[in-house]
Amino acid sequence: MTGARSAGRPGTWVLPLHGTTAATVRTMRRWVSQHLDTLGDEHRDDVLLVATELLANAHDHGDGPRHLQLWHSLRPCTVRVEVADRNLVQPTMGLSRLPGPRGRGLLLVDRLSVTWGVLPETEFERKTVWAQIPCLGRCPRSGRTGDQTTYGGGSGELAG
C-alpha cells in the first residue's frame, strides 16, 4: 500500500490499497464506516456491501485493487464508491470465471445503486468500477462530511 494522495474534491476520501490482500476487507469496512459515521445504519450498510463487493471483485478478477475512493454528496444525498484495479477486463453481471456459487456480487451492486459503471484507462491497462448509492431519508449535516480527507498506512496492511 502506498501513502495518501489528494482526493481533489470536498467530501472525498481515498484509501490506497496497493499490496493488500482480500483479508483486508474487514479493515476497509471500518475505514468506510469511520468516514460515513453520520449516515443511518441502513444506508451505511448498503454502502458497505457495495464497497465490499467492488473490492472483492478487484481482488478476484482485477489483478488486485489500487485504491478505494468514497465521495459523499449532500445534494442529492448520495455516496459514490469507486474501486480502481489493475486490469481492463470488464465486469460481467451474473458471471464469474471462478468456480463455485459466484457471480452475484454485481447483481447486489446493481440493486443497491442508483447507477454504476466502469471507467476504463486503456493506456494504463486498468479500470475503475464505481457505484452511486442513494441516501435513505434525509441526509445528515456534519462539518466532517464537507472536509477533504485522505488516508495512508503502512506497507501491505491497512491501518485501522
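Residues numbered from 1 in each chain as written. Predicted model: local features only at pLDDT ≥ 70, side-chain atom pairs only at ≥ 80, totals over all residues. Heavy atoms only, no water.

K.L.:
Help me understand helix α3 (residues 105-112) in this model?
P.N.:
What sets the pattern is the α-helix's 3.6 residues per turn: residues three or four places apart point alike. When α3 is considered as a whole, its buried residues turn out to be G105, L106 and V109. For α3, the buried positions fall inside an angular range of 90 degrees around the axis, keeping them on one side. (Buried < 20%, exposed > 50% of the residue type's maximum accessible area, 1.4 Å probe, protein only. Helix = DSSP H or I, 4+ residues; strand = E, 2+ residues; numbered from the N terminus. Arc of directions from axis to C-beta.)

K.L.:
I tried to follow the packing of aromatic side chains on my own but got confused; where do I start?
P.N.:
Two numbers describe a pair of aromatic rings. These are the distance of the centres and the angle of the planes. Scanning the model with the defined rule gives zero aromatic pairs in all. The ring centre of W130 lies 4.2 Å from the NZ or CZ of R80, which sits over that ring. Stacked on the ring of F124, the Lys or Arg R126 has its end atom at 4.5 Å from the ring centre. (Phe/Tyr/Trp six-rings, centres within 6.5 Å; stacked < 30°, edge-to-face > 60°. Lys NZ or Arg CZ within 6 Å of the ring centre and 35° of its normal.)

K.L.:
I'm lost on the pattern of salt bridges in this one. Help?
P.N.:
Oppositely charged side chains are able to pair whenever their charged atoms sit close together. For the coordinates displayed, the defined rule picks out five salt bridges. Across the pair R44 and D41 runs a salt bridge whose closest N-O atoms are separated by 2.6 Å. Of this pair, R44 and D41 both sit in helix α2 (residues 41-61), three residues apart, which is roughly one turn of the helix. According to the relative accessible area criterion, R44 is buried, its value standing at 13%. Among the residues examined, D41 registers a relative accessible area of 53% and is labelled exposed. Ionic pairing is found between R126 and E121, a salt bridge with its closest N-O pair at 3.1 Å. A relative accessible area of 23% places R126 in the partly exposed class. (Salt bridge = Lys/Arg side-chain N within 4 Å of Asp/Glu carboxyl O.)

K.L.:
Would you explain α2 in this entry?
P.N.:
Along its 21 residues, α2 runs 29 Å from first to last C-alpha, staying within 8% of the 30 Å computed at 1.5 Å per residue. Trailing α2 by a residue or two, D63 shows a phi angle of about 60 degrees, which is positive. (Expected span 1.5 Å × (residues − 1).)

K.L.:
Just checking my understanding: could you explain unusual backbone geometry for this structure?
P.N.:
Trans peptide bonds make up the majority, and among non-glycine residues the majority have a negative phi. Phi is positive for D63, close to 60 degrees, though the residue is something other than glycine. The backbone phi angle of E125 is positive, close to 50 degrees, even though this residue is not glycine. Within the secondary structure, E125 is located in the loop between β4 (115-121) and β5 (126-134). Classification of E125 by relative accessible area gives exposed; the value is 57%.

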